[in-house]
Amino acid sequence: MWTNVARAAGAALLLSLLAACGNNSGQDVGKINVDWTGNDIAIEAVEDPDVKGVVCHVAFFNRSLIDRLQQGNWFEDPSYSAIDCAASGPITVGNISTRAGGEEIFKQQRSLIWKSLRVTRVYDQANNSLVYLAHARELQLGSAKMSLSVVPLNGQDVTWQNGNPVAATN
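Residues numbered from 1 in each chain as written. Predicted model: local features only at pLDDT ≥ 70, side-chain atom pairs only at ≥ 80, totals over all residues. Heavy atoms only, no water.

**Focus: the overall build of the protein**
Along the backbone of the protein there are three helices and nine strands. When burial is assessed residue by residue, the protein has 37% of its 170 residues classed as buried. Counting contacts in the protein only where the partners sit at least 6 residues apart, residues at least 24 apart contribute 52% of the total. If you sum the accessible surface of the protein, you get close to 9,700 Å²; carbon and sulfur atoms cover 55% of it. (Helix = DSSP H or I, 4+ residues; strand = E, 2+ residues; numbered from the N terminus. Buried < 20%, exposed > 50% of the residue type's maximum accessible area, 1.4 Å probe, protein only. Contact = heavy atoms within 4.5 Å. Areas by Shrake-Rupley, 256 points an atom, 1.4 Å probe, with all protein chains shown as cover.)

**Let's talk about the packing of aromatic side chains**
Overall, the coordinates contain one aromatic pair when judged by the stated rule. Relative to Trp160, the ring of Tyr123 has its centre 5.4 Å away and its plane inclined at 75°; by these criteria the two rings are edge-to-face. With Tyr123 in strand E6 (residues 115–124) and Trp160 in strand E9 (residues 158–160), this pair connects stretches of sequence that are 37 residues apart. Across the pair, exposure class does not vary: Tyr123 and Trp160 are buried alike. (Phe/Tyr/Trp six-rings, centres within 6.5 Å; stacked < 30°, edge-to-face > 60°.)

Given below as structure tokens:
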């Protein structure tokens with residue numbers, strides 16, 4: 001009897017840990033089923049917290065329980081992702097970093113401990129554009145899997161709350 005209780009507790013713990021890998025701060029837009037095992041591609045809308053009027057859509061792979069049982073690697077999803085960002089109205093740029101390393105605007109765990117999907121914004125001052133990079137951060141080996149999207153600010157209705165850095169250098 002105790003073995004059945006232990007199995008049930010282990011299964012409940014496993015399911016709660018798997019659910020924790022997928023929590024997010026984006027808005028769910030859609031989910032496309034890609035195979036019979038229940039694997040799917042999730043699409044989320046991510047608003048830039050410091051740039052009003054810009055929305056990014058991020059797509060990433062979610063592994064099903066069946067795939068996890070078949071393939072192993074219980075607590076991890078693949079690093080692949082795609083991103084596209086666009087102006088959704090007038091743009092108001094708040095207090096953003098103009099450093100070359102940019103700043104992270106979105107993070108989602110893709111494994112229990114080791115891996116996360118991130119979106120980083122970099123301001124390209126020479127071209128007056130916002131560059132958004134979706135990438136995986138892995139603790140052990142890193143990852144070269146990435147996707148890039150650019151929102152040009154020239155020709156857009158843009159308000160800079162802290163002054164336009166392009167105008168300041170001209």
